[in-house]
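Chain by chain, the residues:
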Amino acid sequence: MGSVRKASAWLGLVDDSDDERYYDDDYAEGPEPSDAWVTDPRVRVADEAAQDQGTRIATVTPDGFRDARTIGELFRDGVPVIVNLTSMEPGDAKRVVDFAAGLTFGLRGSIERVATRVFLLTPADYQIVSGDAGRASGGFFNQS
């Protein structure tokens, strides 16, 4: 795989053939939560209690570049946004990623790839904690 292809796969703009073998269509979509706070069918906020406390996370699944405004408004309001680009055309997905990168740079936030074509945008006052931090060398299972 060439370097441009690897970079495109890392950004989630092209399908990575290695990831396809682990994907199972039976578990692709879970049930919709009935008590979710919904303003737009493509935007879900985790929970009403979280909304009242000011600790919300929004998920956005845009259909096209015109939905980038929703991403920008949520992020500008200080809400972390998970952007799922799996249903978009590659050209529009690239435009949305470029928009999100500029948005996070301009507002001093951060953008992180969570999965293939899924990105997490976090405002400046949020810190992302990786699950790999608990895997210190010589941990519990290294009893030799």
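Read on for an overview of the structure. None of the values given here were measured: they were computed from a predicted structure. (Residues numbered from 1 in each chain as written. Predicted model: local features only at pLDDT ≥ 70, side-chain atom pairs only at ≥ 80, totals over all residues. Heavy atoms only, no water.)

1. Section: the overall build of the protein chain
For clarity, the cut-off: Secondary structure elements follow DSSP: runs of H or I no shorter than four residues count as helices, runs of E no shorter than two count as strands, and numbering proceeds from the N terminus. Burial here depends on accessible area, computed with a 1.4 Å probe over protein chains only, as a share of the maximum for the residue type. Under 20% is buried, over 50% is exposed, and the range in between is partly exposed. Here, residues are in contact when the closest pair of their heavy atoms is within 4.5 Å. Only the protein chains shown count as cover for residues, and the accessible areas themselves come from Shrake-Rupley with a 1.4 Å probe.
When you go through the protein chain residue by residue, the secondary structure sums to five helices and six strands. In sequence order, the secondary structure elements of the protein chain are arranged as α-α-β-β-α-β-α-β-α-β-β. The buried share of the protein chain, reckoned over its 144 residues, is 28%. When contacts within the protein chain are restricted to residue pairs at least 6 apart in sequence, those whose partners lie at least 24 apart make up 47%. Working note: accessible area of the protein chain is about 10100 Å², and carbon and sulfur atoms make up 50% of it.

2. Some remarks on the nonpolar core
What counts is decided by this rule: For this analysis, a nonpolar core means a set of buried residues of the types Ala, Val, Leu, Ile, Met, Phe, Trp, Tyr and Cys, connected via side-chain atoms within 4.5 Å.
Ile71, Leu74, Val81, Val83, Leu85, Val96 and Leu121 are the most contacted members of the largest nonpolar core, which has 18 residues in total. At five residues, helix α5 (residues 90–106) tops the list of elements feeding residues into this core.

3. With respect to the pattern of salt bridges
Cut-off, in case you're wondering: In what follows, salt bridge is the name for a side-chain nitrogen of Lys or Arg lying within 4 Å of a carboxyl oxygen of Asp or Glu.
One pass over the structure, following the stated rule, counts one salt bridge. With a closest N to O distance of 2.8 Å, Arg69 and Glu73 form a salt bridge. Of this pair, Arg69 and Glu73 both sit in helix α4 (residues 68–76), four residues apart, which is roughly one turn of that helix. Taking relative accessible area as the criterion, Arg69 reaches 61% and is therefore assigned exposed.

4. Things to note about the side chain of Thr122
Filter applied, for reference: N or O atoms closer than or at 3.5 Å make up a polar contact, with two conditions inside protein: a donor-capable atom paired with an acceptor-capable one, and, for residues adjacent in sequence, both atoms drawn from side chains.
Inspection of the secondary structure puts Thr122 in strand β6 (residues 118–122). Among the polar contacts made by the side chain of Thr122, one reaches the side chain of Ser110 at a distance of 2.6 Å. Once you skip the residues sitting within four places of it in the chain, Thr122 turns out to touch Phe75, Pro80, Gly109, Ser110 and Ile128.

5. Quick notes on α4
Here is the rule: Throughout, the arc means the angular range of directions from the helix axis out to the C-beta atoms.
Listed as buried for α4 are Ala68, Ile71, Gly72, Leu74 and Phe75. The arc that holds the buried residues of α4, viewed along the axis, is 165 degrees, so those residues lie on one side. Summarising the geometry of α4, the exposed residues directed more than 90 degrees from the buried face are Arg69 and Arg76.

6. With respect to the pairing of strand β4 (residues 81–84)
Stated formally: Strand pairing is assigned whenever DSSP detects at least two bridges linking the two strands. Crossover handedness is defined here as right-handed if the route from the first strand over the helix to the second strand goes clockwise, with the strands pointing away from the viewer.
Across the two faces of β4 the burial differs, with Val81 and Val83 buried and Ile82 and Asn84 not buried at all. The sheet contact formed by strand β3 (residues 58–60) and β4 spans three bridges and is parallel. What sits directly across from Val60, in β4, is Val83. Traced from β3 through α4 to β4, the parallel crossover comes out right-handed. Inspection of the sheet shows β4 paired to β6 by four bridges, in the antiparallel sense. Across the sheet, the residue bridging to Val83 is Phe119, located in β6.

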